[in-house]
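# Per-entry structural report
Read off the chains here:
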Amino acid sequence: IVLQAKGQSQAALEEYMKALSINEKVFGKDHSTTAYSYGKVATILAQGKDYESALFYFRQAVSIQESSLGTHQETGMLHMNIGNVLLEQGDDSEEAFIELKKAHDIFKVVLGPDHPHTQTARYCGRVAAQRRIENDGGLLSATVGTILTD
């Protein structure tokens, strides 16, 4: 974390990869601590605009967290991160919307409708929905409408 804060992203990534390897050996590949390490690696990769690799690690993390924690704030954050990376890539607003909707729904249950995380997921979901409309020229589906009016 210190290396990351100092802007030494490559060194931070190397340390997070070491931690991930250790956590896999100590806790196993399906433990929430290992998922946390996957998420840290993904965050560094996303900040460096290596979106494909970031998505791989975020998806690993969310898969573990959904199994081990279920409806939990950390699971919601991972869905939001995936959605935001997809928005940054700019090529899959539908999948981004789906991920952001999952984050929104989790945050709404766990943190309440007025929490900043819930509001951020709602806003990002609206951005994804708007991009989908602009790209496809289509109408909002009922699913998209739920996050826009929620």
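Residues numbered from 1 in each chain as written. Predicted model: local features only at pLDDT ≥ 70, side-chain atom pairs only at ≥ 80, totals over all residues. Heavy atoms only, no water.

## Focus on the packing of helix α3 (residues 32-47) against helix α4 (residues 51-68)
- Running from amino to carboxyl end, α3 crosses α4 at an angle of 160°, the nearest separation of the two axes being 8 Å. Between α3 and α4, the angle is such that the two are roughly antiparallel. Crossing of α3 against α4: the hand is left-handed. Along its contact with α3, which presents S32, A35, Y38, G39, V41, A42, T43, L45 and A46, the element α4 presents Y51, S53, A54, Y57, F58, Q60, A61, I64, Q65 and S68.
- Class assignment for the residues of the contact of α3 with α4 results in twelve nonpolar, seven polar and no charged. (Axes fitted to C-alpha atoms, helices over the stretch in contact; angles between N-to-C directions. Helix = DSSP H or I, 4+ residues; strand = E, 2+ residues; numbered from the N terminus. Parallel < 35°, antiparallel > 145°, perpendicular 65-115°, else oblique. Left-handed = near helix turned anticlockwise from the far one by under 90°. Contact = heavy atoms within 4.5 Å. Nonpolar A, V, L, I, M, F, W, Y, C, P; charged D, E, K, R; others polar.)

## Considerations on a nonpolar patch on the surface
- A cluster of nonpolar side chains, namely I22, V26 and F27, defines an oily patch on the protein surface of about 290 Å² accessible area.
- Note on V26: relative accessible area 58%, which makes it exposed. (Patch = residues over 30% accessible without salt bridge, like charges linked within 9 Å, V, L, I, M, F, W, Y side chains within 5 Å. Areas by Shrake-Rupley, 256 points an atom, 1.4 Å probe, with all protein chains shown as cover. Salt bridge = Lys/Arg side-chain N within 4 Å of Asp/Glu carboxyl O. Buried < 20%, exposed > 50% of the residue type's maximum accessible area, 1.4 Å probe, protein only.)

## Side note on the nonpolar core
- V41, Y57 and F58 are the most contacted members of the largest nonpolar core, which totals 34 residues.
- At the level of elements, α2 (9-27), α3, α4, α5 (73-89), α6 (93-110) and α7 (116-136) are the ones that each hand at least two residues to this core. (Core = buried A, V, L, I, M, F, W, Y, C linked by side-chain atoms within 4.5 Å.)

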